[in-house]
Amino acid sequence: VREAIERDMLHASIEFLRTYKEYYSNMSPGIYRSLIVYGRILNEPDYVHDGINRAVSLLRNQFFFDGIWMEGSPGYHQQTIGGLRSVFRVAKGYSDPPGYTWPEDGTRFDDLDMEADLPFVNKAINSVRALVFPNRRTVAVHDQWAKSSGKPTDRNVPVLLAGMRHARLARKELPNAMQAHLHFSGGHGHQHADNLNIILWANGREL
């Protein structure tokens, strides 16, 4: 019975999933997480490597070099990073069987920790903090709820997100903090026709 479940349901499901076209979208991390979870359950390192390789490709190909998700929206950035962090969690501590290397590229994992092993991950996690006002409200650019909240940068300083194409001018700290956001980016599916807009924040709120 166990063999039938593993072969006819679990392995078959994964092989069917692997026939999907890879879009590297904000929803893709769910697939990567599944590959890693089932690879660990079934002792199938090929699945684990496949999931991790796809996650790394998403980071390399779909994030701007400043760490912002290519859709330019802080909300979709957080959604994608949240999905990737769930991938990192299920992969953490994974080690390949003795002597195993992935036939696709010869890589091997021992006590894997993707957040520690990939320096760009921390940039992607923290870059969006520049798009949060000192009162923790998120800067509303592209498809982004104005009432969303996040974690701001530790200091209220100027920031240039040159990949996304967004500049933050800043001076002083709370309660006298001021920010001017200069937005000049395009987008990839969630952009608004609001290029060259200016957002001014002072006196504890968006003006």
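Residues numbered from 1 in each chain as written. Predicted model: local features only at pLDDT ≥ 70, side-chain atom pairs only at ≥ 80, totals over all residues. Heavy atoms only, no water.

### Observations regarding helix H4 (residues 74–91)
- Its 18 residues give H4 an end-to-end C-alpha distance of 25 Å, which sits within 8% of 26 Å, the value for a rise of 1.5 Å per residue.
- Turning to H4, the residues buried within the fold contact helix H2 (29–41), helix H3 (45–62), helix H5 (114–117) and helix H6 (119–126).
- Phi turns positive, to about 85°, at Gly93, one or two residues after H4. (Helix = DSSP H or I, 4+ residues; strand = E, 2+ residues; numbered from the N terminus. Expected span 1.5 Å × (residues − 1). Contact = heavy atoms within 4.5 Å.)

### A word on the nonpolar core
- Core analysis: the largest hydrophobic core is formed by 37 residues, its most contacted members being Ile52, Leu84 and Met114.
- Sorting the residues of this core by element identifies H2, H3, H4, H6 and strand S4 (197–202) as the ones contributing at least two each.
- Leaving out residues up to four positions away in the same chain, Leu84 has contacts with Pro29, Ala55, Leu58, Leu59 and Phe63.
- In this structure, Ile14, Leu17, Leu35 and Tyr47 belong to the second largest nonpolar core, which totals six residues. (Core = buried A, V, L, I, M, F, W, Y, C linked by side-chain atoms within 4.5 Å. Buried < 20%, exposed > 50% of the residue type's maximum accessible area, 1.4 Å probe, protein only.)

### Let's talk about the pairing of S4
- The pairing of strand S3 (residues 178–183) with S4 spans five bridges and is antiparallel. Its bridge partner being in S4, His183 is matched across the sheet by Asn197.
- Where S4 lies against strand S5 (residues 205–206), two bridges are found, and the strand directions are antiparallel. Residue pairing across strands places Trp201 opposite Glu206, the latter belonging to S5. (Pairing = 2+ DSSP bridges.)

### So, the sheet that holds S3
- Ordered in space as S1-S2-S3-S4-S5, the five strands form an open sheet in which the pairing is antiparallel. Edge positions in the sheet fall to strand S1 (159–161) and S5, since each of these pairs with one other strand and no more.

Coordinates in, geometry out; function isn't part of it.
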